[in-house]
Amino acid sequence: MISFGIPYLAVVGLILIGLFALVFKKNLIKMVIGITIIESGVNLFLITLGYREGSIAPIYTSSPGGIMSLPVPQALTLTSIVIGVAVLALMLSLVIHIYRHYGTLNVNKIAEGEK
Amino acid sequence: MFDLEFFRINTGSGYWDPILWIFAFIIILVIVYVIRNLGKKDFKKSGEKSKVFLSGNPEYDKEQMHIKGSNLYWGFTESMKWLYDILNRFHTGNVSDYVLWFVVVMAALFIVMTISGGI
Amino acid sequence: MNFLPVPPEYIPVLIVAIPLFGAFLTPIISRINGKVRNIFAISILGITGFLVFWLSTEIFTNNMIYTYVFGGDSNVIGSGNSAYAIRILFEVDSFGIFMAIIAIIVAFIGTLYSYSYMKKETGLDKYYTLILLMTAGMMGMLLTGDLFNFFVFLEITGISSAALVAFWIDKKYAVEAGFKYIIISAIGALFVLLAIALLYGQYNALNMSVLANTITNFNLIDQIILILLFSALAMKAGIVPMHMWLPDAYGRAPASISIMLVGATLSSLYAVFRVIFTLYGKVFLSVSIQTLEFVTTANILGGFIVLLAVLTMLVGVIMALKQNNLKRLIAFAALAEIGYMILGLGIRLAAKSVIYDTEGTAISILNPAYTQAALTGSIFHILNDALDVGLLFLVAGAIYYATKETSLDRMGGLARNMKYTTIFFLIGLFAMSGMPPLNGFASKIIIYESAYQLSPLVSIIAILSSIMLLACFVKVFHSAFLGPKQPHLKNVKEVPKTMLVAMGLIAILIIIIGLFPNLVIENAVKPTVDAILNNTAYISAIIGGA
């Protein structure tokens, strides 16, 4: 029975690892990676909600029989992945500009340089 | 005759009327002007009577005597220094601390829900 | 009014589609000339504003809810008891259109102001594209009736406003503020998506009215969803202790972007009201005797929200007294005003009580009458605060444009050269700190009087923070405007006419709302409060009769 719950445990694990990287790491690139890990966790949660055991992919018009997984969470996940790519691109370009101005990627040095 | 209740808003326990306030303000301005005109009319602004007194300190030229922005509430900020030290430790400028406060508020709300008999 | 070229049921989608279309056309039009592009952007926002005002007169007078279905004929599939609402819907009631009026006023004034404020910058075609995209995102957030659609528009607003905050990429503190804002925005939106995924897994529906109909008992999953949604949306609305991104983002952006960020922040506050009063309406709003066990939950949650509101008011004004940077001081004052808006929500939840008869059995659940007045005051304060804070940010931008100084230590004697800016700052000062007869006082007195009936301490703290706001702005007025002319500021001139026209429009609106508050409350705020507290009308517009 626990084999059905492994994706949900993985979701919780991914979100906690992402929050840990965001709160306790000092490098700006590691914070950005933390946000993408949280986003992967949430997308995995969306896909897992629609899975039925022994099902086929929901893309057939005249299907060979059997049950299909739910298609709505898959559409939501595709939208979310695209939004995640756009946010990642913006964050990384801002990190490049910060590195050009400050010369360092350490959060503490950036925060105390502005006081 | 226009409706006197038109400009009035009713709060739960009373009302507020801006037109009545403006009438009262004009009447008080007239009274203030009348009292001001009861003063002496033959005061000349010259001599030692109208120089600036700075407790004996010398007076520099006017551009240097303007009080700057960070000196204005010195008494307040100096006497409440304990409060400002605590607050400045929160506003670090470090984005990891901002996310830490978000997790703290989620945890506090979870505890509140448990106490209220829900979970 | 029948002179519209389109049928009136297409108006909700046109309000979102016209800025989006303009955003995609702007890079092409900017190849012609700079002036044509500016006039194109202002006229697109003018057309959208006209459509919003027309729709608002229809909704406020007739008290009906406008819906628009994407890609279908009717709202539901099937009929009667087996009606499924499958498609994406826009559902516009009084609360949504009230916030849309605020958002479009703020966007239009910001764009009109940036006609001359940003004239000497380069890369302006990207600037106007991002402004139109941000307006489309804000309108979509406020008018939609579907939760995942709300998430998509939330992300659109977050990305475009973060790129605009970091617009001056040659200044190093602006880029850092943009980075902090995008991280906070991304975290908030991801946790909202987690809550939406949980709601979909539990109830198999994403439509707000279907969910409002089915969330009746408040089990464990519903409570976790409420915690996630409230924390993430409150972080994006700037409530203490998650507020620290707000002075950085507001204080380092260009002035015309700071006034539009106010609109984005208020849209997240709209979402907090929607979640608590419409999605969980059957838990928190109902007065039937079956929901007896939720009264304690509502009281404790309301008490927590009142505590957060009081903390917001106090932290905002105490930090604002110490700042030397002008825009950062105004940003902390804007933070303090958000506390007033959430105070009405907390009072409404915390004052729910049970009436017992003489034997100890409960006969009815009661919401006292002053809670309706508290909600009226808070909703009216959203409109007033957007205008007041907007005027103060525009004045700060005008000072930066004329003198190139940002610190209060190096300014002085500006009132001799910039007369109109001084008058606008005085109007903003009196309106923000709640002086009669301007509009700040009209909403604050309703909040003071209804908060007093909950607990006198809350009312005392609210009045105290208003007085300290007056102290902050008197400090700014003395050190920036009064006094003799400083030697390095001898040649400042008045700002160009477009900026004065933009500031003058807001000042005229402030004075009109201050002198005639009854017009706004009777016609706009009362239908809004009735729409918030009445979620059965929201539900029955889609799946009628449930």
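Computed from a prediction, not measured in an experiment: that's the story for all the values here. Counting from 1, residues in each chain are numbered in the order their sequence is written. To read the labels, note that chains go from A and ligands from 1, taken in the order they are written. Note on the predicted model: pLDDT of at least 70 is required for a residue's local features to be given, and 80 or more for side-chain atom pairs to be given and counted; whole-chain, interface and lining totals, by contrast, use all residues.

Observations regarding the overall build of chain C
- Each helix and strand counted, chain C has 20 helices and four strands in total.
- Taking 2.2 N^0.38 as the reference for a compact globule, 546 residues should give roughly 24 Å; the C-alpha atoms of chain C span a radius of gyration of 23 Å, in line with that estimate.
- Here the C-beta atoms are placed from the backbone, and a residue counts as buried if at least 20 other C-beta atoms lie within 10 Å of its own, exposed if 12 or fewer do, and partly exposed otherwise. Residues counted as buried form 61% of the 546 residues belonging to chain C.
- Once local pairs closer than 6 in sequence are excluded, the contacts in chain C between residues at least 24 apart make up 80%. Runs of H or I in DSSP of at least four residues are treated as helices and runs of E of at least two as strands, each being numbered from the N terminus. Based on C-alpha atoms, the radius of gyration is set beside the globule rule, defined as 2.2 Å times the residue count to the power 0.38. By the convention adopted here, residues are in contact when the distance between their C-beta atoms, placed from the backbone, does not exceed 7 Å.

Considering the overall build of chain A
- Looking only at helices and strands, chain A has four helices and zero strands in total.
- For chain A, the α and β elements follow one another from N to C terminus as α-α-α-α.
- The C-alpha atoms of chain A give 19 Å as radius of gyration, which overshoots the globular expectation for 115 residues (13 Å, by more than 25%).
- Across its three principal axes, chain A shows a C-alpha extent of roughly 65 × 30 × 15 Å.
- Going through the 115 residues of chain A one by one, you find that 29% of them count as buried.
- Pairs at least 24 residues apart make up 51% of the contacts formed inside chain A by residues separated by at least 6 positions.

Describing the environment of Asp385 of chain C
All names here are of chain C.
- Take Asp385: it is sitting in helix 14 (residues 369-403).
- You can call Asp385 buried: it has 26 C-beta atoms within 10 Å.
- Separated by 206 residues in sequence, Asp385 and Phe179 have C-alpha atoms that sit 27 Å apart.

Description of the packing of helix 3 (residues 72-102) of chain A against helix 5 (residues 147-165) of chain C
- Whenever a helix is involved, its axis is fitted only over the stretch in contact; in every case the axis is a line through C-alpha atoms, and angles between N-to-C directions fall within 0 to 180 degrees. The N-to-C vectors of helix 3 of chain A and helix 5 of chain C enclose an angle of 10 degrees; their axes lie 11 Å apart at closest approach. With respect to each other, helix 3 of chain A and helix 5 of chain C are oriented roughly parallel. For the pair helix 3 of chain A and helix 5 of chain C, contact is made by Leu76, Thr79, Ile83, Ala86, Val87 and Leu90 of chain A and by Phe148, Val152, Glu155, Ile159, Ala162 and Ala163 of chain C, respectively.
- Amino acids outside the nonpolar list (Ala, Val, Leu, Ile, Met, Phe, Trp, Tyr, Cys, Pro) and the charged list (Asp, Glu, Lys, Arg) are all regarded as polar, and Gly is one of them. In terms of residue class, the contact of helix 3 of chain A with helix 5 of chain C is made up of 10 nonpolar, one polar and one charged. In what follows, roughly perpendicular refers to angles from 65 to 115 degrees, roughly parallel to angles under 35, roughly antiparallel to angles over 145, and oblique to any angle outside these ranges.

Concerning the interface of chain A and chain C
- Each partner contributes residues to the interface: chain A has 25 residues there, and chain C has 24 residues.
- Broken down by secondary-structure element, the contributors of at least two residues to the side of chain A that touches chain C are helix 2 (28-49) and helix 3 of chain A.
- Its residues assigned to classes, the side of chain A that touches chain C comprises 19 nonpolar, four polar and two charged.

With respect to the environment of Leu392 of chain C
Residue and element names in this part refer to chain C.
- Among the secondary structure elements, Leu392 is positioned in helix 14.
- Since 30 C-beta atoms lie within 10 Å of it, Leu392 is described here as buried.
- Once the C-alpha coordinates of Leu392 and Gln323 are considered, the two residues, 69 residues apart in sequence, prove to be 16 Å apart.
- In contact with Leu392, other than residues within four places in its own chain, are Ile330, Gly428 and Met432.

Things to note about the interface of chain B and chain C
- Contact residues are listed per partner, giving 43 residues for chain B and 52 residues for chain C.
- At 12 residues, helix 4 (residues 95-115) of chain B tops the list of elements feeding residues into the side of chain B that touches chain C.
- Grouping the constituent residues of the side of chain B that touches chain C by class yields 27 nonpolar, 12 polar and four charged.

A few points about helix 14 of chain C
- A helix is expected to span 1.5 Å for every residue after the first. If you check helix 14 of chain C, its first and last C-alpha atoms are 51 Å apart, about what 35 residues at 1.5 Å a residue would give, namely 51 Å.
- At the exit of helix 14 of chain C stands Lys404 of chain C, carrying a positive phi of roughly 60 degrees.

Regarding unusual backbone geometry
All names here are of chain C.
- At the junction of Val240 and Pro241, the peptide bond is cis and its omega measures out at 0 degrees in the coordinates.
- Residue Asn63 is not a glycine yet carries a positive backbone phi of 60 degrees.
- Relative to the elements of secondary structure, Asn63 occurs in the loop between helix 2 (34-62) and strand 1 (66-69).
- One non-glycine residue with positive phi stands out, namely Lys404, at about 60 degrees.
- Here Lys404 lies in the loop between helix 14 and helix 15 (419-432).
- By the C-beta count within 10 Å, which is 10 here, Lys404 ends up exposed.

Thoughts on the pairing of strand 2 (residues 89-92) of chain C
Residue and element names in this part refer to chain C.
- Neither face of strand 2 is exposed, since Leu89 and Glu91 on one face and Phe90 and Val92 on the opposite face are all buried.
- By this definition, two strands are paired if DSSP reports at least two bridges between them. Both strand 1 and strand 2 contribute to a ladder of four bridges, which runs antiparallel. In the sheet register, Val69 faces strand 2, and the bridge partner there is Leu89.

Some points on the confidence of the model for chain C
- You can read pLDDT as the predictor saying how much it trusts each residue, on a scale of 0 to 100. When pLDDT is averaged across chain C, the result is 89; 98% of the residues are at 70 or more.
- On the interface metric, ipTM, the complex scores 0.95, and its pTM is 0.93.

Here's the deal with the nonpolar core
Residues and elements named next belong to chain C.
- Among the nonpolar cores identified, the biggest contains 263 residues, and Val192 and Leu391 are the most heavily contacted of them.
- Here this core gets 21 residues from one element, more than from any other, and that element is helix 6 (residues 172-203).
- Residues within four places of Val192 in sequence aside, it is in contact with Phe151, Leu154, Leu229, Ala232 and Leu233. In plain words, the nonpolar core is the set of buried Ala, Val, Leu, Ile, Met, Phe, Trp, Tyr and Cys residues that C-beta atoms within 7 Å link up.

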